[in-house]
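Residue-level listing of the chains:
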Amino acid sequence: MSTPRTSFFGKRFDSKTRLLGAGLFLLQRGLGAGITIYAPAIVLSTVFGWRLDLTIISSGLVVIGYTVAGGSDAVSLTQKYQISVISSG
């Protein structure tokens, strides 16, 4: 029977510190995803005169849709396009 794999974080710190680290990571990723959807929604709503709340919701649904439909390949391809735009800028 194999033993469960424990990460460096799991070996180094107690359960409260691991829980804090995991919570902070999830909070950071949630805020990052929120900003990723919110910032373009502000631009789209300003340029086209759309309501901001509906733009945020529709942007989120589009992101969820192509992520579910294309899986990690779609997300990876989108990230490649993003880094090329950022690098060329």
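So, how was this worked out
- Residues numbered from 1 in each chain as written.
- Predicted model: local features only at pLDDT ≥ 70, side-chain atom pairs only at ≥ 80, totals over all residues.
- Heavy atoms only, no water.
- 1 Å grid on protein atoms, 1.4 Å probe; cavity = no way out; pocket = protein on both sides within 12 Å on 5 of 7 lines; lining within 4 Å.
- Points joined across faces, edges and corners; volume = space filled by probe spheres on them.
- Helix = DSSP H or I, 4+ residues; strand = E, 2+ residues; numbered from the N terminus.
- Nonpolar A, V, L, I, M, F, W, Y, C, P; charged D, E, K, R; others polar.
- Buried < 20%, exposed > 50% of the residue type's maximum accessible area, 1.4 Å probe, protein only.
- Expected span 1.5 Å × (residues − 1).
- Phe/Tyr/Trp six-rings, centres within 6.5 Å; stacked < 30°, edge-to-face > 60°.

A few points about the layout of surface pockets
- Considering only enclosed or pocket space, the largest pocket measures out at about 570 Å³ in volume.
- Elements supplying a minimum of two residues to the lining of the largest pocket: helix H2 (15-48) and helix H3 (52-88).
- Looking at which element gives the most residues to the lining of the largest pocket, the answer is H3, with 10 residues.
- Within the lining of the largest pocket, the residues separate by chemical class into eight nonpolar, eight polar and one charged.

Some remarks on the side chain of Ser-59
- Checked against the element boundaries, Ser-59 lands in helix H3.
- Assessed through its relative accessible area of 18%, Ser-59 is described here as buried.

Section: H2
- The end-to-end C-alpha separation of H2 is 49 Å, in line with the 50 Å expected for 34 residues at 1.5 Å each.
- At the C-terminal side of H2, Gly-49 shows a positive phi close to 75°.

Some words on the packing of aromatic side chains
- Across all of its chains, the model carries one aromatic pair by this definition.
- Ring geometry for Phe-48 and Trp-50: centres 4.7 Å apart, planes at 20°, overall stacked.

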